Structures are given as C-alpha cells and as structure tokens.
Amino acid sequence: TLFLSEKFPNSLIIGCNLSGKQVDFNKFLLDKYKHNNIVFYDSSDLVHKVGKVDIICAFELFEHIFKPDEELIYLLKFKPSIIIESTSFSVPSPGHFPFYEINGKVTSGRRTYREFSKLIRSYDFEDLLLKNKIHFLNNRPHIWKKIGEY
C-alpha cells in the first residue's frame, strides 16, 4: 500500500484489512510515514464507504478465505476495471486451508483456482498476462482486465 502511495501520489489509495489489530497497525504506519493519500477501512464495511474503484490489488488475500468466491463477488461490487491478484490456493502455509468451498462445493486448492478463474472470466474479465503469453515466477500475479460493461 505504501509502495502504491509513493508511485501514484495524486491518487487515493484505499487499503482494507480485518478489523482490530491489523487495521490499527496500518494506521500506525500511516502516521509514521506521513502518507496523506491512503485511507484504511475495516473490510466488513468497506463497500459502504467507497464507491467505484479503478484497480483492486488482492495480494495474498483469497487463499486466506474459506469461500473465496464470495469475497470476489463482494469486491466486484466496486466495479473495478482491473483486478491484480496473486493467489496460492494449493501452497501449504499458515492461514491457508487444505480445502476450499467454491460454488457450493468443497474442493482442493488446485481445483479451487481453476473454478476461481472461471468465475472471474464469467464477469467478463480476461487475464492480460496469459493473453499476451507473459509468465512470471509461479505464474503470479494475474492481471485481470474488465472487457465488458457492468
């Protein structure tokens, strides 16, 4: 978030996190580094405080949520033009699940990402890196661009 704030000083950068200590820590950092173009919200009430956004960066987010499809649908309420995400559903790590529920079915991490990608595409997003045959380490991040209208 700080990096985006520095690279785009004339833009409003909106961060969200879980309520409590994580949001408090983010606000502490904002006070320390004096970035005036960042605001942090509790993720549970973000949609009520923010309208449309241009870009959603969701790094290390979806694999920490048991029902990642519900979180994606929630984020689509902001009508982003671009979604940048780097998920690792099948990588064992603290806070990751061995299985996820997506589309009402409990499934493996590998299968979850396939279903998750289908869901993003169903909302008229295309993976720009895949389309242009650009591959980063571990094929992450994915940069999804909205190709249709909301």
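Residues numbered from 1 in each chain as written. Predicted model: local features only at pLDDT ≥ 70, side-chain atom pairs only at ≥ 80, totals over all residues. Heavy atoms only, no water.

Trainee: Any chance you could explain helix 4 (residues 68-75) here in plain terms?
Mentor: Each full turn of the α-helix corresponds to 3.6 residues, which orients residues three or four apart in the same direction. In terms of burial, helix 4 is a largely internal element, 6 of the 8 residues being buried. Of all the positions in helix 4, only P68, D69, E71, L72, Y74 and L75 are classed as buried. (Buried < 20%, exposed > 50% of the residue type's maximum accessible area, 1.4 Å probe, protein only. Helix = DSSP H or I, 4+ residues; strand = E, 2+ residues; numbered from the N terminus.)

Trainee: Got a minute to help me understand the nonpolar core in this structure?
Mentor: When a protein is soluble and globular, its nonpolar side chains tend to lie buried together. F62, L72, F78 and F116 are the most contacted members of the largest nonpolar core, which has 21 residues in total. For this core, the element with the most residues is helix 5 (residues 109-122), which contributes 4 residues. In this structure, F116 is in contact with F62, P68, L72, E85, F89 and I102, ignoring residues within four places of it in sequence. (Core = buried A, V, L, I, M, F, W, Y, C linked by side-chain atoms within 4.5 Å. Contact = heavy atoms within 4.5 Å.)

Trainee: Got a minute to help me understand the packing of aromatic side chains in this structure?
Mentor: A ring pair, where both rings are aromatic, is described by two values, the distance of the centres and the angle of the planes. Here the structure, examined in full by the defined rule, presents 9 aromatic pairs. Note on F66 and F97: the rings are 5.6 Å apart at their centroids and 65° apart in plane angle, and the pair reads as edge-to-face. Of this pair, F66 sits in the loop between strand 3 (55-59) and helix 4 while F97 sits in the loop between strand 4 (82-86) and strand 5 (99-102), and the two are 31 residues apart along the sequence. Relative to Y113, the ring of F89 has its centre 6.1 Å away and its plane inclined at 40°; by these criteria the two rings are tilted. A residue pair is termed long-range when its members are at least 10 positions apart, and F89 in the loop between strand 4 and strand 5 and Y113 in helix 5 qualify at 24 residues. The pair F89 / Y113 is uniform in exposure class, with both members buried. Above the ring of Y150, the side-chain terminus of K146 is found at 4.4 Å from the ring centroid. (Phe/Tyr/Trp six-rings, centres within 6.5 Å; stacked < 30°, edge-to-face > 60°. Lys NZ or Arg CZ within 6 Å of the ring centre and 35° of its normal.)

Trainee: Even after reading the chapter, I still don't get unusual backbone geometry, so can you show me in this structure?
Mentor: Across residues other than glycine, the phi torsion is negative in most instances, and most of the peptide bonds are trans. Phi is positive for K79, close to 55°, though the residue is something other than glycine. Inspection of the secondary structure assignment puts K79 in the loop between helix 4 and strand 4. Within the chain, N103 stands out as a residue other than glycine whose phi angle is a positive 55°. Within the element layout of this structure, N103 appears in the loop between strand 5 and strand 6 (105-108). Accessibility expressed as a relative area gives 44% for N103, which makes it partly exposed.

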